[in-house]
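The residues making up each chain are set out below.
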Amino acid sequence: MMYRKIGILVIGLALLTACSTTQNQRTEQSQRNQSRDVPSADQLIAKMDANKDGKLSKSEIKGPLANDFSKVDTNNDGYISKEELEKAPKPLRGGRPQGR
């Protein structure tokens with residue numbers, strides 16, 4: 001009877017450990033995927049800066065960033081600089097921004 005209780009306890013602990021490890025692995029994988037999906041400020045500028053002046057005008061921006069241009073252009077000069085891009089909230093994979 002005692003061996004049966006110990007066996008059940010060992011199985012329970014093994015299952016608990018396995019579930020915890022699986023959840024941690026999912027969280028780490030999700031974080032890696034998210035960081036790969038979000039381009040850096042340098043990558044965005046290199047891709048969209050048509051006139052190669054090192055900043056992005058509203059006409060140069062494509063995609064979801066165009067919708068948030070005025071929010072990201074914090075100094076309201078009509079351009080988004082590398083510094084402004086770096087300070088902007090990063091979008092999640094589902095398209096919702098991640099607050100800082």
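Residues numbered from 1 in each chain as written. Predicted model: local features only at pLDDT ≥ 70, side-chain atom pairs only at ≥ 80, totals over all residues. Heavy atoms only, no water.

Trainee: Would you mind going over the nonpolar core with me for this structure?
Mentor: One recurring pattern in soluble globular proteins is that nonpolar side chains are buried together. Ala 41, Leu 44, Ile 45, Met 48, Leu 56, Ile 61, Leu 65, Phe 69, Val 72, Ile 80, Leu 85 and Ala 88 form the largest nonpolar core, which has 12 residues in total. With four residues, the single largest contributor to this core is helix 2 (residues 41-48). Ignoring sequence-local partners within four residues, the contact set of Val 72 consists of Leu 65, Ile 80, Glu 84, Leu 85 and Ala 88. (Core = buried A, V, L, I, M, F, W, Y, C linked by side-chain atoms within 4.5 Å. Buried < 20%, exposed > 50% of the residue type's maximum accessible area, 1.4 Å probe, protein only. Helix = DSSP H or I, 4+ residues; strand = E, 2+ residues; numbered from the N terminus. Contact = heavy atoms within 4.5 Å.)

Trainee: Help me out: how do you make sense of the pattern of salt bridges in this one?
Mentor: Any two side chains of opposite charge can pair if their charged atoms end up close together. Inspection of every chain in the model, using the stated rule, returns three salt bridges. Residue Lys 82 pairs with Glu 86 through a salt bridge whose shortest N-O separation is 3.9 Å. Taken together, the positions of Lys 82 and Glu 86, both in helix 5 (residues 82-87) and four residues apart, correspond to about one turn of that helix. The network of salt bridges with common partners includes Asp 42, Lys 82 and Glu 86. (Salt bridge = Lys/Arg side-chain N within 4 Å of Asp/Glu carboxyl O.)

Trainee: I keep staring at unusual backbone geometry and nothing clicks. Help me out?
Mentor: Residues apart from glycine generally show negative phi values, whereas peptide bonds are mostly found in trans. Not every positive phi belongs to a glycine, and Lys 52 is a case in point at roughly 55°. Tracing the sequence through the fold places Lys 52 in the loop between helix 2 and strand 1 (56-57). Of the residues examined, Lys 52 reaches a relative accessible area of 61% and is grouped as exposed. In this model, Asn 76 sits at a positive phi of 55°, which is unusual for a non-glycine residue. Within the secondary structure, Asn 76 sits in the loop between helix 4 (69-72) and strand 2 (79-80).

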